[in-house]
Amino acid sequence: MDILVIGGGGREHAIIRKIKESPDCGAVYCAPGNGGIAADAICCPEVKATDIDGAVRLALEKKVDFVIVAPDDPLVAGMVDAMNAAGLPAFGPNKAAAIIEGSKAFSKDLMKKYGIPTAQYEVFTDSAQAIEYVRARGEYPTVVKADGLALGKGVIIAKDEAEAVAAITDMLEGNKFGASGSRIVIEQFLEGPEVSVLALTDGNVMVPLTSAMDHKRACDHDEGLNTGGMGTIAPNPAFTPEVAQKAMQRIFLPTMEAMKQEGRTFRGCLFFGLMVVGGEPYVIEYNCRFGDPETQVVLPLMEGDLLRAMVATAKGELATVPISIKPGSAACVVMASGGYPVKYESGKEICGLDEDGQVRGVTVYHAGTKRQDGKYLTAGGRVLGVTALGDSLNDALDGAYAAVQKISFEKAHYRHDIGRKAGGKYGN
Ligand code: AMP
Ligand code: GLY
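Residues numbered from 1 in each chain as written. Chains lettered and ligands numbered in written order. Predicted model: local features only at pLDDT ≥ 70, side-chain atom pairs only at ≥ 80, totals over all residues. Heavy atoms only, no water.

**A short note on the site of ligand 1**
Then step 1. The environment of ligand 1 is made up of 15 residues, and the closest members are Glu-187, Gln-188, Leu-190, Glu-194 and Glu-285.
Then step 2. Here an oxygen atom of ligand 1 sits 3.4 Å away from a polar atom, N or O, in the side chain of Lys-104.
Then step 3. The contact in question runs from a nitrogen atom of ligand 1 to an N or O atom on the side chain of Lys-145, over 3.0 Å.
Then step 4. Protein contact buries 90% of the 470 Å² of open area that ligand 1 shows by itself.
Then step 5. Among the elements of the structure, strand S7 (142-146), strand S8 (155-158), strand S9 (184-188) and strand S17 (280-287) are those that each provide at least two residues to the shell around ligand 1. (Near = heavy atom within 4 Å. Polar contact = N/O pair within 3.5 Å; in protein donor to acceptor, adjacent residues only side chain to side chain. Areas by Shrake-Rupley, 256 points an atom, 1.4 Å probe, with all protein chains shown as cover. Helix = DSSP H or I, 4+ residues; strand = E, 2+ residues; numbered from the N terminus.)

Shown next, in the form of structure tokens:
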């Protein structure tokens, strides 16, 4: 079957590489794709990931059999509904279900209603009431979140009252996140290791893939600004079998059932951002899609046919596809443009990659790259996700960091301590 993948980052590259292992996989198109994805798929850069009409037209024109919608914005905007309306089967939640990521107020209310463990919270649209609430509570740090999608930047951990008031005022009155910040959630600060779990679900069964650990801050020792993710390792040692069992019983299955009860059956990849507090898992956030850069370590450790699993998920037949987790570990080190996530330059030549944009022994997932005159150039904040597998976490890290040493571009920036918090030997 011919496939169209929507998106153009490292996550989409990882999805494409994995579906191409399937005997069912025919031609793969990717819109918009990127320079490195072009070695694995036919890229259609003229169609942006948020262009619903353009994506439907492209899918019909290329006569694809199946569409995979990977990023949050088109899912939340209803791209899967539009594909289905045009007679095209697609992987990903419909608009009604994608709200689980699209509105934090929705997801917090869902958790409260169904008794799913999460930080205590209140929702506000009025800044005076919100300020009164944080003052009355008087507990710091406190967490202020924009309701809607905000490119991972809509969460402020306020150290004191002044910071909380500033965050509330910025969002509700200063229009800092546009419509996404016209409603806010104020919640209790939780502390503990964070775990990302990506799970396939069709509303009937829930199949968690291996757990992962993201590294959201730009610099070593978790310093600097929040980013889309500077690296990942899998599995995450904080997700012990005991925590996994609690998470399945208290969070994963109840969330699937809750969405069904609400008439919003979720079919796709449900991403659980968890925090383990004293051995107990809590939900920090839901995402309605594969994580980036979690996917780059989770899919290489998945045993099974991803394409068949995705097609079955869309049909509500996921139980028919065998999926398990491979032994060993994976590590992904993101190489970013200097200055990311704020201001950075693009168009720098990337040296050290072969013709296909790869380095022997590892997989280089391309995020912000383009191909020009036979060269790979930087074209975004996060440029590459250099990913290696190994018998142990340190083996995987050795592979990834050795390959990073072979790749260079002007002002390349990466973290030197990926996996440190999971017991890895890199960093200090
Ligand atoms: P989110 O965009 O919801 O993933 O939040 C971004 C980051 O903020 C999370 O990965 C956590 O590190 C942090 N965070 C969010 N909510 C809380 C909370 N209630 N307590 C502590 N940290 C939080
Ligand atoms: N890496 C976190 C995310 O994809 O939202």
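**Considering the nonpolar core**
Then step 1. Judged by nonpolar contacts, the single largest core of 49 residues is most densely connected at Phe-272 and Leu-274.
Then step 2. Per element, the largest residue contribution to this core is seven residues, and it comes from helix H9 (residues 241-261).
Then step 3. When residues no more than four places from it in sequence are discounted, the contact partners of Leu-274 are Pro-193, Glu-194, Val-195, Val-197, Phe-239, Ala-247, Ile-251, Phe-252, Tyr-282, Val-283 and Ile-284.
Then step 4. Within the second largest apolar cluster, 40 residues are counted, among which are Ile-3, Ile-15, Cys-269 and Val-297. (Core = buried A, V, L, I, M, F, W, Y, C linked by side-chain atoms within 4.5 Å. Buried < 20%, exposed > 50% of the residue type's maximum accessible area, 1.4 Å probe, protein only. Contact = heavy atoms within 4.5 Å.)

**Focus on helix H7 (residues 127-137)**
Think of an α-helix as turning once every 3.6 residues; residues three or four places apart then point the same way.
Then step 1. The complete set of buried residues in H7 reads Ser-127, Ala-130, Ile-131 and Val-134. With its buried residues spanning 95° around the axis, H7 presents them on a single face. Away from its buried face, by an angle of more than 90 degrees, H7 presents the exposed residues Glu-132 and Ala-136.
Then step 2. Buried positions along H7 lie against strand S6 (121-124), S7, helix H8 (161-172) and S9.
Then step 3. A distance of 3.2 Å separates the backbone nitrogen of Ala-128 from a side-chain oxygen at the start of H7, and that oxygen is part of Asp-126.
Then step 4. Positive phi shows up at Gly-138, right after H7, with a value of about 60°. (Arc of directions from axis to C-beta.)

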